[in-house]
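Coordinate inspection notes
As a plain string of letters, each chain reads:
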Amino acid sequence: MTRVRPIHNRVALLLAAMTVAAALALPFLAFAPNRLLSGKAVALSTVAGAGWSGAALLPVALLLAVPFLRPGRAVNALYVGGGVLAAAGLVWLAGQHAVLLAATASPAARTSFGAGFWVMEAAALLAVLDGVRRLGLGPAGRVAVGALVAALIGGQFAAGHLDQNHPDRGDGGVRLHHVAGAETNGAPELRRRGPTAAEWRRPRLAGRQGRRHAAPPQED
């Protein structure tokens, strides 16, 4: 009796488990009314439930099915294509929901990538790498796949969904921050509230230099 082995790709199974765990347990986005308050978690179910945005997750569903498909060149090609489309689709989905949140939020509000987004995005990109390895593509093929991934993800920024301009500047852009807060514009406003240490020291230094170069008092 032939033993049935339903799992044909253990790497894809691990990536699928990462994706499901991130989608169910981690926030996809974080939304904060301003830079001072911590962001409120936005689940993937909320993001995908807005209109037809959930269609962007179809490539993710394909990646979940890859571990159970019999290996072959066609399956590996679907593996690579699903990873590329999933990586670009997650970025598009985040940008679309950021636009919806910004439409009814104050100009100071900000939307951040959540931990769930980063885990799912990493799983999709790792799926592309694993699929390329299984296909046995040469250097030219690998470069072509990498260029396609960069073009699709970069196209989301070029389309304005993830514009780096803040909406209060009047250009209609949406600013999507990293959760770690690496990209913030709060520092310039804080610096304008009061003089810096250098500005405090400047009058003192000027006073000392003035006294040093002052003419000595003349004796009668």
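One structure accompanies this document, and this report is about it. (Residues numbered from 1 in each chain as written. Predicted model: local features only at pLDDT ≥ 70, side-chain atom pairs only at ≥ 80, totals over all residues. Heavy atoms only, no water.)

1. Quick word on the side chain of E121
- Examined against the element boundaries, E121 turns out to sit in helix α5 (residues 115–135).
- Of the buried charged residues, E121 lacks a salt bridge, with R110 as the closest side chain of opposite charge at 19 Å. (Helix = DSSP H or I, 4+ residues; strand = E, 2+ residues; numbered from the N terminus. Buried < 20%, exposed > 50% of the residue type's maximum accessible area, 1.4 Å probe, protein only. Lys, Arg positive; Asp, Glu negative; His and termini not counted. Salt bridge = Lys/Arg side-chain N within 4 Å of Asp/Glu carboxyl O.)

2. A word on the pattern of salt bridges
- On inspection of all chains with the given rule, the structure shows two salt bridges.
- Its salt-bridge partner being R133, residue D130 comes within 2.8 Å of it at the nearest N-O pair. Of this pair, D130 and R133 both sit in helix α5, separated by three residues, roughly a single helical turn.
- Looking at R133, the relative accessible area reads 52%, which means it is exposed.
- Notably, a salt bridge pairs D130 with R134, separated by 3.0 Å at the nearest N-O pair. One end of the pair is D130 and the other is R134, both in helix α5 and four residues apart, which spans about a single turn.
- Classification of R134 as partly exposed rests on a relative accessible area of 32%.

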